[in-house]
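As a plain string of letters, each chain reads:
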Amino acid sequence: MTSEEIKTNVEKALDEIRPFLQSDGGDITLISIDNDNSVKVRLEGNCIACSVNQMTLKSGVEMTIKKYAPQIEEVINVS
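Residues numbered from 1 in each chain as written. Predicted model: local features only at pLDDT ≥ 70, side-chain atom pairs only at ≥ 80, totals over all residues. Heavy atoms only, no water.

Caption draft 1: Focus on the layout of surface pockets. If you add up the space inside the largest pocket, you get close to 260 Å³. Forming the boundary of the largest pocket are 15 residues, of which Ile17, Phe20, Leu21, Asp24 and Thr56 lie nearest the centre. Mapped by element, the contributors of at least two residues to the lining of the largest pocket are α1 (3-23), α2 (46-49) and α3 (53-68). Of all the elements, α3 adds the most residues to the lining of the largest pocket, at 5 residues. When grouped by side-chain class, the residues that make up the lining of the largest pocket number 8 nonpolar, 5 polar and 2 charged. (1 Å grid on protein atoms, 1.4 Å probe; cavity = no way out; pocket = protein on both sides within 12 Å on 5 of 7 lines; lining within 4 Å. Points joined across faces, edges and corners; volume = space filled by probe spheres on them. Helix = DSSP H or I, 4+ residues; strand = E, 2+ residues; numbered from the N terminus. Nonpolar A, V, L, I, M, F, W, Y, C, P; charged D, E, K, R; others polar.)

Below is the structure:
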């Protein structure tokens, strides 16, 4: 899978997750994809102060991204 295909698949994953985050007043933005295996995102809105945002990041965001782009090894939230 090319870098462009990885980016497209990560964007598709974020599009799948976004409605759930927005329903709680939050959102997510793709910051970068490093070495085709590490994704940096920014949780926004209510997601910033949410007490379960790390669980959301790992259980929801990372799992969905890996479904679309299995070579992704980690998802990191940058503030």
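More follows now that the structure is in view.
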